[in-house]
Amino acid sequence: MKDTTSQGVGGAGLVDLSGVNVFVGGPIQHALHEGGFHTPLRHAIHDVIESVSAAKGTVFSAHVAEKFGVDTPLFTPEQVSVRDLGWMRRCDVFVPVLPVDTDGDLMRTDGTHVELGWASGLGKPIVVVTPVPLAANASHLLRGLPAVADVAVLDLAATRRDPAELLLLLHKVTREVVMSE
């Protein structure tokens, strides 16, 4: 089962992310409902993945590996944990997509918050894509993460309209990491 994309299709234009590994995260378990996967979130994650892929970056994504929840039951908790920690270790930057529900509250995503802990603990740059300003129900730890980690926050709606800022930021933070090593 393919867990990455690296299509390198044209169109990104401004940015070349060749050789850059981007781990795109976000809710899965709490985005599933009787009608399938939460449609606006599916589109948002798909847009981020496609933008990074178009800029020739490699994407690690449970959403791709698990077909947006369709294949999630095929994986054990141990497989998911080992896979996702492996991706976190291999990635150059973590991009969690944190949507809000109809009440404006962050959608629950326990796994993504674990991944945020891994990313900060491993010193990975983090680019959070979420509605700005941050939802009122965001935890102190999420709000305080920039005090202990390299975190940038981009507005979800603006990123969906024009991914250029996301791509430029990914290029900048991954080049800074390479230069500091």
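The following refers to the structure shown. (Residues numbered from 1 in each chain as written. Predicted model: local features only at pLDDT ≥ 70, side-chain atom pairs only at ≥ 80, totals over all residues. Heavy atoms only, no water.)

### Some words on helix 1 (residues 39–54)
The criterion, for reference: Helix numbering and strand numbering both begin at the N terminus, where a helix is a DSSP run of H or I of at least 4 residues and a strand a DSSP run of E of at least 2. Any helix carries an expected span of 1.5 Å times its number of residues minus one. Whether a residue is buried, partly exposed or exposed follows from its accessible area with a 1.4 Å probe, protein chains only, as a fraction of its type maximum: under 20%, in between, or over 50%, in that order.
Between its first and last C-alpha atoms helix 1 spans 22 Å; for 16 residues at 1.5 Å apiece the expected length is 22 Å, and the two agree. All of the buried residues along helix 1 are Leu41, Ala44, Ile45, Val48, Ile49, Ser51, Val52, Ser53 and Ala54.

### A few points about the environment of Val15
Test applied: In what follows, residue pairs with any heavy atoms lying within 4.5 Å of each other are defined as contacts.
Turning to its location among the elements, Val15 is positioned in the loop between strand 1 (4–5) and strand 2 (21–25). Here Val15 falls in the buried class, since its relative accessible area comes to 7%. Separated by 65 residues in the primary sequence, Val15 and Val80 have C-alpha atoms spaced 31 Å apart. Setting aside its immediate chain neighbours within four residues, Val15 contacts Ala55, Leu167, Leu168 and His171.

### Comments concerning the pairing of strand 6 (residues 93–96)
Selection rule: In short, DSSP must find at least two bridges between two strands for them to pair.
In strand 6, alternate side chains face the same way, and those of Val93 and Val95 on one face and Phe94 and Pro96 on the other are all buried. In terms of strand pairing, strand 2 meets strand 6 through four bridges, oriented parallel. Across the sheet, the residue bridging to Phe23 is Phe94, located in strand 6.

### Let's talk about the layout of surface pockets
Quick note on the threshold: Here a cavity is any set of points on a 1 Å grid over the protein atoms alone where a 1.4 Å probe fits but cannot get out, and a pocket is any open set with protein on both sides within 12 Å along at least 5 of 7 lines; a residue lines the site when it has an atom within 4 Å of a point. Grid points are joined across faces, edges and corners, and a volume is the space filled by probe spheres set on the points. Think of it as three bins: nonpolar holds Ala, Val, Leu, Ile, Met, Phe, Trp, Tyr, Cys and Pro, charged holds Asp, Glu, Lys and Arg, and polar takes everything else, Gly as well.
Taken as a whole, the largest pocket holds about 570 Å³ of empty space. Together, 27 residues line the largest pocket, and Ile28, Gln29, Val80, Asp84 and Gly111 are the ones closest to its centre. Contributions of two or more residues to the lining of the largest pocket are made by strand 2, helix 2 (62–65), helix 3 (77–90) and helix 4 (110–121). With six residues, helix 4 is the largest single contributor of residues to the lining of the largest pocket. Each residue belonging to the lining of the largest pocket can be placed in one class, and the counts come to ten nonpolar, eleven polar and six charged. Size it by volume and the second largest pocket reaches roughly 160 Å³. Lining the second largest pocket we find His113, Leu116, Gly117, Ser120, Ser139, Leu141, Leu142, Leu145 and Val148. Those elements giving two or more residues to the lining of the second largest pocket turn out to be helix 4 and helix 5 (140–144). Broken down by element, the residue count for the lining of the second largest pocket peaks at four residues, all from helix 4. Residue composition of the lining of the second largest pocket, by class: five nonpolar, four polar and no charged.

### Some details on the pattern of salt bridges
Put simply, the test is: The working definition used for a salt bridge is a side-chain nitrogen of Lys or Arg within 4 Å of a carboxyl oxygen of Asp or Glu.
With the rule as written, the count across this model stands at five salt bridges. Notably, a salt bridge pairs Lys67 with Asp71, separated by 3.3 Å at the nearest N-O pair. Here Asp71 falls in the buried class, since its relative accessible area comes to 10%. The residue Arg83 makes a salt bridge to Asp84 at a minimum N-O spacing of 2.8 Å. Assigned by exposure class, Arg83 and Asp84 land together as buried.

### A few points about the environment of Leu142
Relative to the helices and strands, Leu142 is located in helix 5. Here the alpha-carbon distance between Leu142 and His113, two residues 29 residues apart in the chain, equals 8.2 Å. Contact partners of Leu142, with chain neighbours within four places excluded, come to Leu98, Leu106, His113, Leu116 and Leu134.

### Remarks on unusual backbone geometry
The amide bond that connects Val132 to the next residue, Pro133, takes the cis arrangement and shows omega of 5°. Counting through the fold element by element, Pro133 comes out in the loop between strand 7 (126–130) and helix 5. Positioned with a positive phi, Lys56 is a non-glycine residue whose angle comes to about 75°. You will see that Phe68, though not glycine, has its phi angle at about 50°, which is positive. Mapped onto the secondary structure, Phe68 falls in the loop between helix 2 and helix 3. Judged by its relative accessible area of 11%, Phe68 is buried.

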